[in-house]
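Listed below, chain by chain, are the residues.
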Amino acid sequence: MADTKEEWLAQLAAMSPSDREAAIGDLFDLATAAVREMEQEQGRREKAEKAARELGKQCGVLLGHLAETVSEDRLKQLEQVRDGVVGLQRDRDDLQRQKDELEGSAIVGQGEAIVAALSRRLGLPRHSATTPTVMQFLTDTYTKEKRLADDSQRHIVNFISLFARITGDKRLADYGRTDILNYVLILERLPRSLGKSPSDKSASIEDLFAKAARMSEKAGGPMTLSATTIGKHVQHVKGFFNTARRHLNFTTSDAIDEMFDGIKLSKGVPSAQKRKSWPMEQLNLLFATPIWQGTGSRPEDFTKRHKEGDHIYRDAYWWLPITALWTGARLEELAQLHHEDLVADSSGFRFIHIHGEGERRVKTANSIRRVPVHSVLAGFGFLDLFDHKKAGQRIWPELRPTGRMKKLGDTYSTHFTDYRRHCELYEPLMDFHSLRRTFITSMRTRANVDALTVAALAGHDEELPIFERAQQTNDYTDYGIAALAEQIERLDYAAYGLDLGLIEKT
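Residues numbered from 1 in each chain as written. Predicted model: local features only at pLDDT ≥ 70, side-chain atom pairs only at ≥ 80, totals over all residues. Heavy atoms only, no water.

Undergrad: I would appreciate a short explanation of the sheet that holds strand β2 (residues 350-354) in the present structure.
TA: Think of a sheet as strands paired side by side through backbone hydrogen bonds, with each pair either parallel or antiparallel. Spatially, the 3 strands line up as an open sheet ordered β1-β2-β3, and their pairing is antiparallel. Of all strands in the sheet, those with a lone pairing partner are β1 (342-344) and β3 (369-372), marking the two edges. Neighbour to neighbour, the strand axes of the sheet diverge by 40° on average, direction disregarded. Taken together, the 3 bridges between β1 and β2 define a ladder with antiparallel strand orientation. Note that in β2 the partner of L342 across the bridge is I352. (Pairing = 2+ DSSP bridges. Helix = DSSP H or I, 4+ residues; strand = E, 2+ residues; numbered from the N terminus. Axes fitted to C-alpha atoms, helices over the stretch in contact; angles between N-to-C directions.)

Undergrad: Got a minute to help me understand the packing of aromatic side chains in this structure?
TA: Each aromatic ring pair is described using two quantities: the centre-to-centre distance and the angle formed by the ring planes. On inspection of all chains with the given rule, the structure shows 21 aromatic pairs. Both rings, one in Y175 and one in F241, keep their centres 5.6 Å apart while their planes meet at 85°; by these two values the pair is edge-to-face. Within this pair, whereas Y175 is found in the loop between α6 (154-167) and α7 (177-187), its partner F241 is found in helix α9 (residues 227-248), the two being separated by 66 residues in sequence. For the pair Y175 and F241, a shared accessibility class is recorded, and that class is buried. Through pairs of rings, three or more aromatic residues link up here, namely F137, Y142, F163, Y175, Y183, F240, F241, F250 and F260. In this structure, R305 is placed above the aromatic ring of Y317, and the distance from its NZ or CZ to the ring centre is 5.5 Å. (Phe/Tyr/Trp six-rings, centres within 6.5 Å; stacked < 30°, edge-to-face > 60°. Buried < 20%, exposed > 50% of the residue type's maximum accessible area, 1.4 Å probe, protein only. Lys NZ or Arg CZ within 6 Å of the ring centre and 35° of its normal.)

Undergrad: Quick question: what am I supposed to make of the side chain of E188 here?
TA: Mapped onto the elements, E188 comes out in the loop between α7 and α8 (205-219). There is no salt bridge for the buried E188, and the closest opposite charge comes from R189, which lies 8.0 Å off by N-O distance. (Lys, Arg positive; Asp, Glu negative; His and termini not counted. Salt bridge = Lys/Arg side-chain N within 4 Å of Asp/Glu carboxyl O.)

Undergrad: Could you clarify how one ought to interpret the nonpolar core in this entry?
TA: A general feature of soluble globular proteins is that nonpolar side chains tend to end up buried together. F287 and W326 are the most contacted members of the largest nonpolar core, which has 63 residues in total. Considering each element in turn, this core owes the most residues, 9 residues, to helix α13 (residues 316-327). In this view, F287 contacts W292, Q293, I322, L325, L498, L502 and I503; residues no more than four positions away in its chain are not counted. Grouped together as the second largest cluster of nonpolar side chains are 36 residues, I166, V184, F241 and A244 included. (Core = buried A, V, L, I, M, F, W, Y, C linked by side-chain atoms within 4.5 Å. Contact = heavy atoms within 4.5 Å.)

Undergrad: What should I look at first to understand the side chain of T295 in this one?
TA: Tracing the sequence through the fold places T295 in the loop between α12 (290-293) and α13. Judged by relative accessible area, T295 falls into the buried class, the value being 1%. Here the side chain of T295 touches S297 through a polar contact of 3.2 Å, landing on its backbone nitrogen. Ignoring anything within four residues of it in the chain, the contact list for T295 reads P290, K304, R305, K307, E308, G309, D310, H311 and Y313. (Polar contact = N/O pair within 3.5 Å; in protein donor to acceptor, adjacent residues only side chain to side chain.)

Undergrad: Is there a simple way to explain the environment of I481 in this structure?
TA: The topology assignment puts I481 in helix α20 (residues 481-488). With a relative accessible area of 3%, I481 lands in the buried category. Separated by 130 residues in sequence, I481 and F351 have C-alpha atoms that sit 7.6 Å apart. Setting aside anything within four residues of it in sequence, one finds I481 in contact with D345, F349, F351, R370 and P372.

Undergrad: Teacher, can you tell me more about helix α10 (residues 253-260) here?
TA: Residues three or four positions apart in an α-helix share a direction because the helix packs 3.6 residues into each turn. Taken together, the buried positions of α10 are occupied by I256, M259 and F260. Looking straight down α10, one finds that the buried residues subtend no more than 80° of arc, so they occupy a single side. Every exposed residue of α10 that faces more than 90 degrees away from the buried side is listed here: D254 and E258. The inward-facing, buried residues of α10 contact α7 and α9. Following α10 by one or two positions, G262 has its phi on the positive side, about 75°. (Arc of directions from axis to C-beta.)

Undergrad: Explain the pairing of β2 to me, please; I cannot follow it from the model alone.
TA: For a regular strand, side chains alternate in direction, first toward one face of the sheet and then toward the other. What sits between β1 and β2 in their antiparallel hairpin is a turn of 5 residues, with G348 showing a positive phi close to 95°. Relative to β3, β2 is paired through 4 bridges, and the arrangement is antiparallel. Its bridge partner being in β3, I352 is matched across the sheet by V371.

And the structure:
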């Protein structure tokens, strides 16, 4: 055996791989045994201390009895008991001092560090008792590392919290595939509207089952979570476990794959209902309604814009559908535009900068992008909305943050739905977000723009799988504004059947 660490390392380096592995294994066993022996010794001392305290109590009782009838023999017994108590107190003090020295010693910490280091080096998982629970890791580490405090990422926290709520919030190392299978079975019975009502957080799982049953009965079909939504829940939880594994080394990536992968859903789970695009005929009907042709409402009466009249207010209610149609931007991305978000590059190409700085929010990091202003949109007067002297202010101040997430577009979205109902244009799965889908579909299928460029203009969207496949390539591609502007100009709604005159005359 080597006398110094350097000699031992030199011997280790000279060994064959099998001998080296055996030597490391011996050291691991030795370190583990040393730590276990120290823990056992500490337990024995604590047990002895407890026995001393109990004996002291019994001696006190005995002394009380002896004091009742004092005789010479009893006095001798009393002295013997006193000497015994003094000795017990001395032993107790010695035990406490040794215990304090042991706790303050670096030996225990070094031993635990050696075991932990060797466990990581040899790929050995930590014991379940040393891993935190799901909620402990979520609040102490995961939320901070993933920056989930922002409202746009709060759904991930909700997914993990729901998992802990369903499975009992066990220690991470105690979970197995059976837990995940049972978790998915419960997800299959939860209502499609889960999370939209504040009461869902406090409702029991059984109450949520009953809610889903009532919704399904009323709708005449399953109103439970779709296969796509369940898949999102499972993938977020799996990602959570993988992050915990990297931090805690309590399992392997293969074991996590075995826990989560290949789970088949029940036959009754509904498939996701995808939004529709707006046909050009429907868009012509939309732009022929009072907001663009004349309303009888006052400017502040947003809920009465469906009434016919002579007034046209070119505010957010006029601009938002048009801007979405020619940029493919999401509602909240447009609603939060500031005066300084219209930018020009060195060649003079104008673009809107969609980003998450300041009070703005974006769906994901991939949503940050630059979208050139289409010439048709500019012809409608879009550029006049921006005044750099008003930097720091939004171009549509009439939009106010509302709803649980305090989004600028929440109230407008409700009004847009009600407006279409009043105008008899409401159709399920064809809403404001469908305008973004119309832009993407038209760019791909009619303007014949490649998927990578469309992804750069619209931002990656999990609803469109081709954008996911394009993401890695996009990360290594720099798109100049001039090139993007050339591609977006290929979009020609007039050629596709849209009557631009309905908008131009306003």
